[in-house]
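Notes for the structure review
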Amino acid sequence: MNDDRLPPVAPEVTATLVENLSPRLRKRLDAAVTKLGARPTHRDGGTVTIQVDDETELRLLAPGGVVATADAITCGCLLAPACVHRAAAACAAPTADPPPDLADRPTGAAPEPASVTDPASATDPASSLSSQEVASPAQRAAADALWSAGAAVLEAGIDGAGAVTQSALLRAAHTARIRHLPRAAGAALSVVTLLRAARAGDPSYRTADFVTALAELLGTAHRVGTASGAELDAARGRARRPYSPDGSLRLYGLFTEPVVTDSGHGGVRTWVAGTDGRLFTVGDVAPGGVGRAVGVADRAVRLGDTALTHRELGRAGLAVSGSTVSPDGRLGAGKGVKAVTARGAAWTELPLAALWETPPSEQAARALRSTSRYADPDGGGSDLLFLDVELIGAVRESAGTCLLALSESGIAVRLTVADDDPALAHRDNLMLLAAAPGTRLRIIGRLVPAPHPRLTLLACAHPTGGGTIDLGLDRLRRADLPDPAAPVHPAPPQPGGPGAHSPLYLLERRVEQTVSAGRAALGMLGDVTAETRRIRRAGLPTAAGLLTALCTSASQRERDLFGRLLPADTDSFATHWLTAALYTAAVADSLCAAAWEPVREGPAAAPSVPDQGPGRAVAQTAHH
């Protein structure tokens, strides 16, 4: 059985079916999910049938595309409806997204309709809660349930977090959603999705993503119970992305990038800038994958009366009246929005030229506020950088080949492809540019958080003439490149900076090891004195202390008067783990920001690793 062929099941349905199982059947649930996965399925409209055995069929009814009630899963076995098969089918199926009236739109999705972009008509339940100073008792109870469910995952590790543990997360997510805590509910659903991917051996699964999702869940649940005012509003999150009126806008096209998601969606996103330098996007993303991403670039933009295609808009301009804009800069396309074609501007002309005048370090700091692993979803901002560089040549790395370039401020930047799919032009264009050392280019890239300067290359000025190149869609030819010039820097500079050889990974790998194998596995590590000594020598005393505390908490078990082991303190361990996870993310962001500082000579060339600033503050906040 292919899980992708099963209809999505609402979280509360899966939770209900698992909760109704007897303790004996719960112990058999994971084996039942695996066994059911090997059985054939058949789809007929909104009904999917699974052949449990030669005489028994299991049906999932999803007339609207989603299994919305427990009664919509039926089984023909003798033990039904109290059988394990119904719960196993729900656990094997994808988790349905929240209903449309409560769900965030996916990144790159088509703009909201007019009824949603008009704030006067919006009915987001969370908006009525923004005046509360503290969370309600019901919200605190929902946050406590999320914390407990997340701590249970951390205790068991991925291998031990089976269907029953996942069911507890789904129930907590459903409760949080109806208590108007969409951010925490979404984090819980992400943890379940990643858990299933890890346990199924999905090649796209990354432990770092799971760490981020679990820390987001635990951190948000903790903040709901302790925060107030604006911080509480951020912890609650929004059930959907709000669009606000922004009046009349004069926009200038920058470039268009293809968008391809792991969920099979494809399309494009066109970036434009206002006269004040603000960045906006117009997107068209829907199911269809990379094929749709290539084709939709030449379709008309869904905005007002303009007939421009996305490719054309990336080089032209728009005059928009009645505009609506989301916090992340997406332009709404409601009925009240009017847009007509206007003259564009070259990258060397105002207002676009001003984007390249901001120092790279300031641009990187701004981008980090957007790309940080635990950034506020409604924080807005852009992750793009605008640089003037000189190409140096190809550099081989463990993950493949990238292009090394030198910025005007002397920073060595590694440029990588945004997508390796051969149907897109990213890889071929990067390799052609690598064959033209000495070429000076104006580029646009997306920040890749790393201890050295790194970008995914998205667009560049034409190497030999006017115009621009959308590097994911337009294909360069050798004739477009200038004659090879002797590079000014014959030896490619190596990435350096305070984080180039930081032992922070010693703490990061223990954080990741915990989610993979659980608390008990970390508790058997034994003495970590050598690791903490190395971390302290690198100027990271807080990291050393966190590693010691994490391992001590993992191995600590109290005994009763008769010498019997008492249950582990999962709350204390979860707190130590969360502190370490947030700390490593904060220090990694600080190291990335420091790497973009201008190259200096002499003693000031190696700034100290930031361990006393945001990293320590995060650690203290999480601990308390």
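Residues numbered from 1 in each chain as written. Predicted model: local features only at pLDDT ≥ 70, side-chain atom pairs only at ≥ 80, totals over all residues. Heavy atoms only, no water.

Tracing the chain through its elements places glycine 264 in the loop between β5 (244-260) and β6 (265-274). Each C-alpha atom, one on glycine 264 and one on proline 287, is 5.8 Å from the other, the two residues being 23 residues apart in sequence. If we ignore the near neighbours within four places in the chain, the residues touching glycine 264 are Pro287, Gly288 and Gly289. (Helix = DSSP H or I, 4+ residues; strand = E, 2+ residues; numbered from the N terminus. Contact = heavy atoms within 4.5 Å.)

Residues alanine 80 and proline 81 are joined by a peptide bond in cis, for which omega reads 5 degrees. Relative to the helices and strands, proline 81 resides in the loop between β4 (73-75) and α3 (84-92). For the bond from leucine 350 to proline 351, the omega torsion is 5 degrees, close enough to zero to count as cis. Mapped onto the elements of the fold, proline 351 is located in the loop between β9 (338-342) and α12 (360-371). Positive phi, normally seen in glycine, also occurs at histidine 180, with a value near 65 degrees. Summarising the element assignment, histidine 180 is placed in the loop between α6 (163-178) and α7 (182-199).

This next bit is on the confidence of the model for the protein. Taken residue by residue, the protein gives an average pLDDT of 84. The fraction at 70 or more is 85%. For residues 100-127, every residue scores under 50 in pLDDT, and the model assigns this stretch 58 contacts once sequence neighbours within four places are set aside. (pLDDT = per-residue confidence, 0-100.)

Quick look at a negative patch on the surface now. Judged by side-chain charge, Asp144, Glu558, Asp569 and Asp571 come together as a negatively charged surface patch. As for its position among the elements, aspartate 569 is in the loop between α17 (541-555) and α18 (570-595). (Patch = residues over 30% accessible without salt bridge, like charges linked within 9 Å, V, L, I, M, F, W, Y side chains within 5 Å. Areas by Shrake-Rupley, 256 points an atom, 1.4 Å probe, with all protein chains shown as cover. Salt bridge = Lys/Arg side-chain N within 4 Å of Asp/Glu carboxyl O. Lys, Arg positive; Asp, Glu negative; His and termini not counted. Charge placed at Lys NZ, Arg CZ, Asp CG, Glu CD.)

The next subject is the packing of α6 against α7. Running from N to C, α6 and α7 point in directions that differ by 160 degrees, and their axes come no closer than 8 Å. Judged by the angle between their axes, α6 and α7 are roughly antiparallel. Like other packed secondary-structure pairs, α6 and α7 cross with a definite hand, here left-handed. Of the residues in α7, those touching α6 at Gln166, Leu169, Leu170, Ala173, Ala176 and Arg177 are Ala185, Ala188, Leu189, Val191, Val192, Leu195, Arg196 and Arg199. Partitioned by chemical class, the residues of the contact of α6 with α7 number ten nonpolar, one polar and three charged. (Axes fitted to C-alpha atoms, helices over the stretch in contact; angles between N-to-C directions. Parallel < 35°, antiparallel > 145°, perpendicular 65-115°, else oblique. Left-handed = near helix turned anticlockwise from the far one by under 90°. Nonpolar A, V, L, I, M, F, W, Y, C, P; charged D, E, K, R; others polar.)

This brings us to the nonpolar core. Counting 69 residues, the largest nonpolar core has Leu169, Phe210, Leu214 and Trp577 as the members making the most contacts within it. Those elements giving two or more residues to this core turn out to be α5 (137-160), α6, α7, α8 (207-226), α9 (229-236), α14 (505-517), α17 and α18. The contacts of tryptophan 577, once residues within four sequence positions are left out, are Leu154, Val211, Leu214, Ala215, Leu218, Val511, Thr514, Val515 and Leu550. The next biggest cluster of nonpolar side chains, apart from the first, holds 33 residues, and it includes Leu25, Val33, Ile50 and Val52. (Core = buried A, V, L, I, M, F, W, Y, C linked by side-chain atoms within 4.5 Å. Buried < 20%, exposed > 50% of the residue type's maximum accessible area, 1.4 Å probe, protein only.)

This paragraph deals with the environment of glutamate 357. Inspection of the secondary structure assignment puts glutamate 357 in the loop between β9 and α12. Linking glutamate 357 and leucine 387, residues 30 residues apart in sequence, is a C-alpha distance of 8.6 Å.

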